[in-house]
Amino acid sequence: SQQGEEDPQALSIQEGENATMNCSYKTSINNLQWYRQNSGRGLVHLILIRSNEREKHSGRLRVTLDTSKKSSSLLITASRAADTASYFCATTLGGNNRLAFGKGNQVVVIP
Amino acid sequence: GAGVSQSPSNKVTEKGKDVELRCDPISGHTALYWYRQSLGQGLEFLIYFQGNSAPDKSGLPSDRFSAERTGGSVSTLTIQRTQQEDSAVYLCASSPGTGRETQYFGPGTRLLVL
């Protein structure tokens, strides 16, 4: 079953604007990760936030985690056309670190 | 260095045929994962290897699906008697091992069963 659920599902923004997407999950987690997928193929790891962290930054990315609400958000600042992609959150389950993915957000950045 | 590679990139097969999908993980990565991405089900975990052993096969959807890994490296996912619902993108990922959570994904194999 899907662990995470993102909201909204699709987002269309102008280049330079910020994009925010959310993810919720149902069980306790070790960590939560965000991945990007271009053109329906391989996923690229963006950022990992551990369960004892509340916020993390990486370049133009900012991730927050609220374990009390079992939710996370991904903010992309100053978006670029190259940020057009699908974004998935994933939580790790168990000691084998298998990923449980959410449904994904489609982000379109209009030049 | 080289990333995770998968072959073939695309595979079209007829219902009832067997298919083999290959994954070459990053050299030295002991953990290997197979996932499936389909329109109806999203991204689903299939199987996890640590070395050549598969301690977690819980995501394999039926006994038509099997996978093996040899030499702690290459893995093959086999689907026997393919069905149309097997059509999906099959993604492989590897990671350095226990405690290293980031997984590195290959480009996937797009399987279409006619």
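Now for a look at the structure at hand.

**Observations concerning the overall build of chain A**
Of regular secondary structure, chain A possesses 0 helices and 11 strands. Listing the helices and strands of chain A from first to last along the sequence gives β-β-β-β-β-β-β-β-β-β-β. On C-alpha atoms alone, chain A measures out to a radius of gyration of 13 Å, which is about the 13 Å that the 2.2 N^0.38 rule sets for 111 residues. Counting contacts in chain A only where the partners sit at least 6 residues apart, residues at least 24 apart contribute 53% of the total. Counting only carbon and sulfur atoms, one obtains 47% of the accessible surface of chain A, whose full area is about 5,100 Å². Computing the positive centroid from 13 side-chain charges and the negative centroid from 9, chain A places the two 7 Å apart.

**A closer look at the nonpolar core**
Counting residues in hydrophobic clusters, the biggest one holds 21 residues, and the most contacted among them are Met21, Leu32, Trp34, Leu46, Leu74, Ile76 and Tyr87 of chain A. Of all the secondary-structure elements, those providing two or more residues to this core are β3 (19-24), β4 (31-37), β5 (43-50), β7 (61-66), β8 (71-76), β9 (85-93) and β11 (105-110) of chain A. By size, the runner-up hydrophobic cluster in this structure holds 19 residues, among which are Cys23, Ile79, Tyr90 and Cys92 of chain B.

**Digging into the packing of aromatic side chains**
Applying the stated criterion across every chain, the model contains 9 aromatic pairs over all chains. For the ring pair tyrosine 35 of chain B and phenylalanine 45 of chain B, a centre distance of 6.0 Å and an interplane angle of 70° mean the geometry is edge-to-face. You can see tyrosine 35 of chain B sitting in strand β4 (residues 31-38) and its partner phenylalanine 45 of chain B sitting in strand β5 (residues 42-50), a full 10 residues away along the chain. A relative accessible area of 6% places phenylalanine 45 of chain B in the buried class. Measuring from ring centre to ring centre gives 5.6 Å for tyrosine 35 of chain B and phenylalanine 105 of chain B, while their planes differ by 40°; the resulting arrangement is tilted. Taken together, the positions of tyrosine 35 of chain B in strand β4 and phenylalanine 105 of chain B in strand β10 (residues 104-105) put the pair 70 residues apart, joining distant regions of the chain. Like tyrosine 35 of chain B, the residue phenylalanine 105 of chain B is buried in the burial classification. Grouping aromatic residues by their ring pairs yields a cluster made of Tyr35, Phe88 and Phe101 of chain A together with Tyr33, Tyr35, Phe45, Tyr48 and Phe105 of chain B.

**Details of the sheet that holds strand β8 (residues 75-79) of chain B**
Picture the strands of a sheet paired through backbone hydrogen bonds; they go either parallel or antiparallel. Residues and elements named next belong to chain B. Across the sheet, 4 strands lie side by side as β1-β3-β8-β7; this open sheet has antiparallel pairing. A single partner strand is all that each edge strand has here, and the edge strands are β1 (5-7) and β7 (65-69). Averaged over all pairs of adjacent strands, the angle between strand axes in this sheet comes to 15°, irrespective of strand direction. With 5 bridges connecting them, β7 and β8 associate as antiparallel partners. Counterpart to serine 66 in the pairing with β8 is threonine 78.

**Concerning the state of the cysteines**
Residues and elements named next belong to chain B. Applying the stated criterion across every chain, the model contains 2 disulfides over all chains. Across the disulfide from cysteine 23 sits cysteine 92; the S-S distance is 1.8 Å. Its S-S torsion of about -65° marks the bond between cysteine 23 and cysteine 92 as left-handed, since a negative value means left-handed. In this pair, cysteine 23 is assigned in strand β3 (residues 19-24) and cysteine 92 in strand β9 (residues 88-95), connecting sequence segments 69 residues apart. Grouping residues by exposure puts cysteine 23 and cysteine 92 together as buried.

**Some details on unusual backbone geometry**
Serine 7 of chain B connects to proline 8 of chain B through a cis peptide bond whose omega is -10°. Along the chain, the position of proline 8 of chain B falls in the loop between β1 and β2 (10-13). One non-glycine residue with positive phi stands out, namely asparagine 97 of chain A, at about 60°. One can find asparagine 97 of chain A in the loop between β9 and β10 (98-101). Even without a glycine there, the phi angle at arginine 81 of chain B is positive, about 45°. Relative to the assigned elements, arginine 81 of chain B resides in the loop between β8 and β9.

Rules behind the numbers
- Residues numbered from 1 in each chain as written.
- Chains lettered and ligands numbered in written order.
- Predicted model: local features only at pLDDT ≥ 70, side-chain atom pairs only at ≥ 80, totals over all residues.
- Heavy atoms only, no water.
- Helix = DSSP H or I, 4+ residues; strand = E, 2+ residues; numbered from the N terminus.
- Rg over C-alpha atoms; globule rule 2.2 N^0.38 Å.
- Contact = heavy atoms within 4.5 Å.
- Areas by Shrake-Rupley, 256 points an atom, 1.4 Å probe, with all protein chains shown as cover.
- Lys, Arg positive; Asp, Glu negative; His and termini not counted.
- Charge placed at Lys NZ, Arg CZ, Asp CG, Glu CD.
- Core = buried A, V, L, I, M, F, W, Y, C linked by side-chain atoms within 4.5 Å.
- Buried < 20%, exposed > 50% of the residue type's maximum accessible area, 1.4 Å probe, protein only.
- Phe/Tyr/Trp six-rings, centres within 6.5 Å; stacked < 30°, edge-to-face > 60°.
- Pairing = 2+ DSSP bridges.
- Axes fitted to C-alpha atoms, helices over the stretch in contact; angles between N-to-C directions.
- Disulfide = S-S within 2.5 Å.

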